[in-house]
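Inside the fold
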Amino acid sequence: MANTVRTAVFPVAGLGTRFLPATKAMPKEMLTVVDRPVIQYAVDEAREAGIEHFVFVTGRNKGVIEDHFDRQFELEATLEARGKLDALEELRRDLPKAGQTSFTRQQEPLGLGHAVWCARDIVGNEPFALLLPDMIFKSEPGVLKQMMDAYEQTGGNVIAVEEVPHEDVSSYGVVARGEGPDERFSITGMVEKPKPEDAPSNLIISGRYILQPEIFGLITEQAAGAGGEIQITDAMQALMDMQKFTGVKYEGRSFDCGSKIGFLSANVVFALDREDIADAFMQELKTLTGEIPISIAG
Ligand code: G1P
């Protein structure tokens, strides 16, 4: 039996330069998809997968994330007094329970691998999930839950992957595929942000990982990799000499909220999935798409 995964790490130290000026004073993880911050989607996905401890690796200007996962007594009292019990219940449901969150800081922007390494003492000697909150998913069940189901059978390390057009691989980590079906195949190699001609496949790492704690020791041994940063992908490639890596081509669709198009697209898709606004929003979209050619012509 594989060791249970109870802890999830959320690296949230990134500067969010692609969303300036919105992210000048506000963390990019607090940008909203409809009316929920991006980070909330990743936390919900982790909770659905059975995670009990949520570890955030933060940086400067990220204090609001800590506040977001705290209780807000004044707000709760006001909602209660005004009889807005649905909103109150939703707020309470979103919240991790007392003692379930930890926050540590990445003091310098040395890369994703380094950010994960900053969580090593909090995670301890246990397998853990790693969720990059820029990526959110429309999937049933959630992507991490799909990975947990695979992990129960395979143990070792598990990575969610998806196919992208070949010319897009250079924005991502890319895996080399070995034996096995889509839901559970062995990974034989990986490389961070390769040129399309050097990529081993068009299967990219989708920002969800289940990793064994031995990864921490290997992160420290990595020289700076792609983009001059300490990369988690390089440490995983090193760990592959000792441990098994399984790829899970998850069912669902990803939205890369680290890019403007992905973020805007997520807002459209998640809004159309909301009972309270879907019909009105669809009507609005139809009107807009009908009007756009006219305004371009005019
Ligand atoms: C990171 C990872 C990359 C992965 C990507 C998914 O890259 O290093 O392997 O494919 O997230 O979003 P970043 O987006 O931080 O450049």
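As the structure is a prediction and not an experimental result, all values here were calculated from the model.

1. Concerning the overall build of the protein chain
Scanning the protein chain from terminus to terminus reveals 11 helices and 13 strands. For 298 residues, the compact-globule estimate of 2.2 N^0.38 gives 19 Å, and the protein chain sits close to it at 20 Å. Judged by the C-alpha coordinates and their principal axes, the protein chain covers about 55 × 55 × 35 Å. Counting the 298 residues in the protein chain, one finds 46% classified as buried. Taking all contacts inside the protein chain whose residues are at least 6 apart in sequence as the whole, residues at least 24 apart take part in 76%.

2. A short note on empty space enclosed by the protein
Enumeration according to the criterion identifies one cavity of 30 Å³ or more in this entry. One number sums up the size of the largest cavity: a volume of about 40 Å³. Around the largest cavity, the lining residues are Lys28, Glu29, Leu31, Val38, Asp134 and Cys257. Counted by class, the lining of the largest cavity contains three nonpolar, no polar and three charged residues.

3. A word on the pattern of salt bridges
Enumeration over the complete set of coordinates arrives at 19 salt bridges. In this structure, Glu45 engages Arg208 in a salt bridge whose closest nitrogen and oxygen atoms are separated by 2.9 Å. With a gap of 163 residues between them, Glu45 in helix α1 (residues 38-48) and Arg208 in strand β11 (residues 203-211) connect regions that are remote in the sequence. On the basis of relative accessible area, Glu45 is assigned to the buried category, the value being 7%. A cluster of three or more residues bridged by salt bridges with shared partners is formed by Arg36, Asp44, Arg47, Glu90 and Asp94.

4. What about the environment of Asp276?
Counting through the fold element by element, Asp276 comes out in the loop between α10 (260-272) and α11 (278-297). Overall, the relative accessible area of 56% leaves Asp276 in the exposed class. A polar contact of 3.0 Å, which involves the side chain of Asp276, links it to the side chain of Arg274.

5. Focus: α1
Each turn of an α-helix holds 3.6 residues, which means side chains three or four residues apart point in the same direction. Taking burial as the measure, the 11 residues of α1 include eight buried ones, the bulk of the element. Regarding α1, the residues found buried are Val38, Ile39, Gln40, Tyr41, Ala42, Val43, Glu45 and Ala46. The first or second residue beyond α1 is Gly50, which carries a positive phi of 100°.

6. Observations concerning the environment of Glu192
Along the chain, Glu192 falls in strand β10 (residues 185-192). Under the relative-accessibility criterion, Glu192 is labelled buried at 13%. Between the C-alpha atoms of Glu192 and Gly225, which are 33 residues apart in sequence, the distance is 8.1 Å. Apart from the residues lying within four places of it in its own chain, the contact partners of Glu192 are Tyr172, Gly173, Ala226, Gln231 and Thr233. For Glu192, the side chain forms a polar contact with the side chain of Lys193, separated by 2.7 Å. A polar side-chain atom of Glu192 sits 2.6 Å from a polar atom in the side chain of Thr233.

Definitions and limits used
- Residues numbered from 1 in each chain as written.
- Predicted model: local features only at pLDDT ≥ 70, side-chain atom pairs only at ≥ 80, totals over all residues.
- Heavy atoms only, no water.
- Helix = DSSP H or I, 4+ residues; strand = E, 2+ residues; numbered from the N terminus.
- Rg over C-alpha atoms; globule rule 2.2 N^0.38 Å.
- Buried < 20%, exposed > 50% of the residue type's maximum accessible area, 1.4 Å probe, protein only.
- Contact = heavy atoms within 4.5 Å.
- 1 Å grid on protein atoms, 1.4 Å probe; cavity = no way out; pocket = protein on both sides within 12 Å on 5 of 7 lines; lining within 4 Å.
- Points joined across faces, edges and corners; volume = space filled by probe spheres on them.
- Nonpolar A, V, L, I, M, F, W, Y, C, P; charged D, E, K, R; others polar.
- Salt bridge = Lys/Arg side-chain N within 4 Å of Asp/Glu carboxyl O.
- Polar contact = N/O pair within 3.5 Å; in protein donor to acceptor, adjacent residues only side chain to side chain.

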